Amino acid sequence: MSVKDKNQVIIFDTTLRDGEQALQQSLSIKQKLQIALVLEQLGVDVIEAGFPISSPGDLESVRAIAKALKTSVCCGLSRAVDKDIDACHEAFKGLDHCRIHTFIATSDIHAKSKLRKSFSDILDMAVHAVKRARNYTDDVEFSCEDAGRTPIDNLCAMVEAAIKAGATTVNIPDTVGYTLPYEWGNIIHTLFNKVPNIDKAIISVHCHNDLGMATANSLTGVLEGARQIECCVNGLGERAGNTSLEEVVMALKLREGYTKGLYTNIISTNIARASQVVSGICNEPVPSHKAIVGSNAFAHSSGIHQDGVLKNKNTYEILTPQSVGFKENNMHMTARSGRHMIKAVLEKLGYKDGTYDLDSIYSRFLKLADRKGQVFDYDLETLMFFSHQEEEETQFTLDNLSVVSGDKNVLPTAAVRLKIGKRTRTDSGTGNGPVDAVFNCITRLTGIKLELFNFVITAKGTGMNAQGQVDVDVVYNNRHYYGKGLSTDVIEASALSLISACNSIYRAQIIEKEKAGLERKESK
Ligand code: KIV
Ligand code: ZN
């Protein structure tokens, strides 16, 4: 792969190789292909699609990905042994522009305990592997596994030999995430000073996150001259993960001045989608506090922060959510929120300043927030239209629930009795599972035609005493409503969560009617 501009940092994504090898369950060819296409749309330069020798399925998926990619280069991993390199060639046979990535460990501990070879034997194997790969393609990457713990003179000798043998990219991995940024920077700096043919190849960094240094080390690496960063979406990868793609890309983009114009080809507005697709397919939830892509990365909760952001977003946001593909920031309404926030939400809902008593709404809001944890915009409207006593009343209450479910021979069936106002009504029916059967009964009983947007079930507590918590996010009239249910029985927790969302929708319906009545009066 040739780079036209000395400031371009090549993004080499290894989500499908280093990331995938850390998953509890390997991905199917179809799933890998889906991720590869999303990475290509993201603008990734090189996609490491797998390790062809590891299984026939992996070889097949590397081949399928290589065939499907149009702009990204496909790469396959191999140890420094003939059969691995030949398996990469097999995967790429007849296809243009693919990369073979061959590696061998260079540190003393790996040489002695794992490979049981001398450094000079390892050097010979590396040279042989690079030459063999070069017989198949012009694009050969060589990695010195555990470079971070390799004596610097050995590392220099290895890099020089690999380049001489024909490696076009030489990757320097901190395989065990051991080095600190300053130390890592020194290693890369020394390579550039001491390896005579270093300018004949692209130097790459591949940092693991065992001490949480992966992003910092990768950036230090490019500041010292490396021009390829190996990374994974959402920071997936062995143990604590690899460098997170979104973090290095956004750091380079945001701090362009500091990094003297280094840039990548990543289309940053596609980051959120890539993160969601990878998390969904890999079944690896993104932690809420994850930099750039976590659900809290653009959320503000404390009163002081919310006040600042309302006055000027730059006070607490260094990036816009839109720059990475999210729609907008989130302002969580909690007991830590201040009056400014409440006023801003009411304004967004259409309530003009002076038409309500902010002091009284705010003091009721604080009580509600202490009770509920998080308050939503529709809760705030409830405070505007309902008295304290009415606010506590619920229209729908679960009175009785029974379900029948089993294996594929049993049709999931539910019977639900709800208290609706002063009456009691019952419904029964089937569904594609017990929760679906219960939800069908509840929507018929309440008459609320909602759409289920998200359903999350989590165990609260440990062992046999754990309770199931169900959180639902439903959409009604283009607005999101949330419900929570807790029970030792997850089906009951599901019913309670949907009923709680229905109660919020019911109140919102009353408010809409009252608002329409007020508007009619005003217009007369
Ligand atoms: O961490 C590592 O050293 C690797 C190599 C195979 C590049 O993943
Ligand atoms: Zn790795």
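Look a little higher up for the structure.
To start, this report covers the structure provided alongside it. (Residues numbered from 1 in each chain as written. Chains lettered and ligands numbered in written order. Predicted model: local features only at pLDDT ≥ 70, side-chain atom pairs only at ≥ 80, totals over all residues. Heavy atoms only, no water.)

## Points about the coordination of the zinc ion (ligand 2)
Operational definition: Distances define the donors: N, O and S atoms within 2.8 Å of the metal qualify, as do those within 3.2 Å of Na, K or Ca. Water is excluded, so some sites may look unfinished. For the purposes of this entry, the term helix denotes a DSSP run of H or I that reaches at least four residues, the term strand denotes a run of E that reaches at least two, and both are numbered from the N terminus. Between buried and exposed lies partly exposed: a residue is buried under 20% and exposed over 50% of the maximum accessible area for its type, with that area taken using a 1.4 Å probe on protein chains only.
Distances from the zinc ion (ligand 2) to its protein donors, Asp 18 (OD), His 206 (NE2) and His 208 (NE2), fall within 2.0 to 2.1 Å. Sequence spacing among the residues donating to the zinc ion (ligand 2) works out to D-x187-H-x1-H. Of the two residues, Asp 18 is situated in helix 1 (residues 15-19) and His 208 in the loop between strand 7 (202-207) and helix 9 (214-223); the sequence distance between them amounts to 190 residues. Here Asp 18 and His 208 have matching classes, each one buried.

## What about the site of ligand 1?
Using the following cut-off: We define proximity as follows: a residue is near a molecule or strand when any one of its heavy atoms falls within 4 Å of that partner. Here a polar contact is recorded for every N or O atom pair within 3.5 Å, except that within protein the pair must consist of a potential hydrogen donor and a potential acceptor, and residues adjacent in sequence are included only if both atoms are side-chain atoms. Here the open area of atoms and residues is found with the Shrake-Rupley method and a 1.4 Å probe, where only the protein chains shown may cover a residue. Residues are grouped as follows: Ala, Val, Leu, Ile, Met, Phe, Trp, Tyr, Cys and Pro are nonpolar; Asp, Glu, Lys and Arg are charged; all remaining types, including Gly, are polar.
Around ligand 1 sit Arg 17, Asp 18, His 101, Phe 103, Ser 143, Glu 145, Asn 171, Pro 173, Thr 175, His 206 and His 208, and those are all the residues in its vicinity. With respect to ligand 1, the side chain of Arg 17 contributes an N or O atom lying 2.9 Å from an oxygen atom. Note that an oxygen atom of ligand 1 is positioned 3.0 Å from one of the side-chain N or O atoms of His 208. In isolation ligand 1 offers 260 Å² of accessible surface; the protein chains occlude 95% of this area. Mapped by element, the contributors of at least two residues to the shell around ligand 1 are helix 1, strand 4 (98-105), strand 5 (140-145) and strand 6 (169-174). Across the shell around ligand 1, the residue classes tally to two nonpolar, six polar and three charged.

## Details of the sheet that holds strand 12 (residues 413-420)
To summarise the sheet geometry, strands pair through backbone hydrogen bonds and adopt either a parallel or an antiparallel arrangement. Which entries qualify depends on this criterion: Between any two strands, at least two bridges found by DSSP are needed for them to pair. Orientation is described by lines fitted to C-alpha atoms, with helices fitted over the stretch in contact, and by angles between N-to-C directions that extend from 0 to 180 degrees. By the convention used here, residues are in contact when the closest approach between their heavy atoms is within 4.5 Å.
Spatial strand order, 11-12-13: three strands in an open sheet with antiparallel pairing. Only two strands of the sheet have a single partner each, and these edge strands are strand 11 (396-404) and strand 13 (423-430). Recorded for the sheet is a direction-independent mean angle of 15° between the axes of neighbouring strands. For strand 11 and strand 12, the ladder comprises eight bridges, and the chain directions are antiparallel. Paired with Val 403 across the bridge in strand 12 is Ala 414. The strands touched by helix 17 (residues 434-446) are strand 11, strand 12 and strand 13; relative to strand 13, the strand with the most contacts, the crossing angle is about 140°. Strands in contact with helix 18 (residues 490-523) are strand 11 and strand 12; relative to strand 11, the strand with the most contacts, it is inclined by about 150°.

## Description of helix 6 (residues 119-136)
Threshold: Any helix carries an expected span of 1.5 Å times its number of residues minus one. Note that the arc is defined by the directions from the helix axis to the C-beta atoms.
Compared with an ideal rise of 1.5 Å per residue, which puts 18 residues at 26 Å, helix 6 spans 26 Å between its outermost C-alpha atoms and is within 8% of the ideal. Of all the residues in helix 6, the buried ones are Ile 122, Ala 126, Val 127, Ala 129, Val 130 and Ala 133. One side of helix 6 carries all its buried residues, which in axial view fall inside an arc of 165°. Against the buried residues of helix 6 lie helix 4 (82-92), strand 4, helix 5 (108-115), strand 5 and helix 7 (152-165).

## Looking at the pairing of strand 16 (residues 479-487)
Residues of strand 16 alternate between two faces, with Arg 479, Tyr 481, Gly 483, Gly 485 and Ser 487 buried on one and His 480, Tyr 482, Lys 484 and Leu 486 left unburied on the opposite face. The turn joining strand 15 (residues 467-476) and strand 16, which pair antiparallel and follow one another in sequence, is formed by two residues; a positive phi near 50° is taken by Asn 477.

## So, the state of the cysteines
Keep this limit in mind: The disulfide definition used here is simple: a pair of cysteine sulfur atoms within 2.5 Å.
Under the defined criterion, the tally for this structure stands at zero disulfides. Lacking any disulfide linkage, Cys 88 is separated from the closest cysteine sulfur, that of Cys 75, by 7.4 Å.

## Some details on the packing of aromatic side chains
Our working rule: In this scheme Phe, Tyr and Trp rings, the latter by its six-membered ring, pair at centre separations within 6.5 Å, and the angle between planes marks the pair as stacked below 30 degrees, edge-to-face above 60, and tilted otherwise.
Taken as a whole and assessed by the stated rule, the structure comprises eight aromatic pairs. Relative to Phe 365, the ring of Tyr 362 lies with its centre 5.9 Å away and its plane at 25°, an arrangement referred to as stacked. Within this pair, Tyr 362 and its partner Phe 365 are both found in helix 14 (residues 358-372), separated by three residues, close to a single helical turn. The residues Tyr 362 and Phe 365 share a single accessibility class, namely buried. The interplanar angle of 25° and the centroid separation of 4.2 Å between the aromatic rings of Phe 376 and Tyr 482 together place this pair among those described as stacked. Remark: Tyr 482 occurs in strand 16 and Phe 376 occurs in the loop between helix 14 and helix 15 (377-385); sequence separation between them is 106 residues. Put simply, the rings of Phe 376, Tyr 378, Tyr 481 and Tyr 482 touch in pairs and so form one group of aromatic residues.

## Observations concerning the packing of helix 13 (residues 339-348) against helix 14
Rule in force here: By the definition adopted for this analysis, an angle is roughly parallel if under 35 degrees, roughly antiparallel if over 145, roughly perpendicular if from 65 to 115, and oblique otherwise.
For the pair helix 13 and helix 14, interaxial distance at closest approach is 10 Å and the crossing angle is 105°. Classified by the interaxial angle, the pair formed by helix 13 and helix 14 is roughly perpendicular. Facing Arg 339, Ile 342, Lys 343 and Leu 346 of helix 13, the residues of helix 14 in contact are Leu 358, Asp 359, Ile 361, Tyr 362 and Phe 365. Here the residues of the contact of helix 13 with helix 14 are counted per class, giving six nonpolar, no polar and three charged.

## A few points about the nonpolar core
For clarity, the cut-off: As used in this record, nonpolar core signifies buried Ala, Val, Leu, Ile, Met, Phe, Trp, Tyr and Cys residues forming a set joined through side-chain atoms within 4.5 Å.
Judged by nonpolar contacts, the single largest core of 86 residues is most densely connected at Phe 142, Val 159, Val 170, Ile 172, Ile 229 and Ile 271. Those residues within four positions of Ile 271 in sequence are excluded, and the remaining contacts are Leu 42, Glu 246, Val 249, Met 250, Ile 266, Ile 292, Val 293 and Val 324.

## Some thoughts on the pattern of salt bridges
Inclusion rule: Throughout this description, the term salt bridge denotes a Lys or Arg side-chain nitrogen within 4 Å of a carboxyl oxygen of Asp or Glu.
Throughout the structure, instances matching the rule amount to 27 salt bridges. With a shortest N-O distance of 3.8 Å, Arg 134 and Asp 138 are connected by a salt bridge. Look at Arg 134 and you get partly exposed, because its relative accessible area is 31%. The exposure class of Asp 138 is exposed, given its relative accessible area of 59%. As a salt-bridge pair, Lys 484 and Asp 471 come within 2.8 Å of each other at their nearest N and O atoms. Here Lys 484 is found in strand 16, whereas its partner Asp 471 is found in strand 15, with 13 residues between them in sequence. One salt-bridge network, in which partners are shared between bridges, spans Asp 377, Glu 381, Arg 479, Glu 512 and Lys 515.

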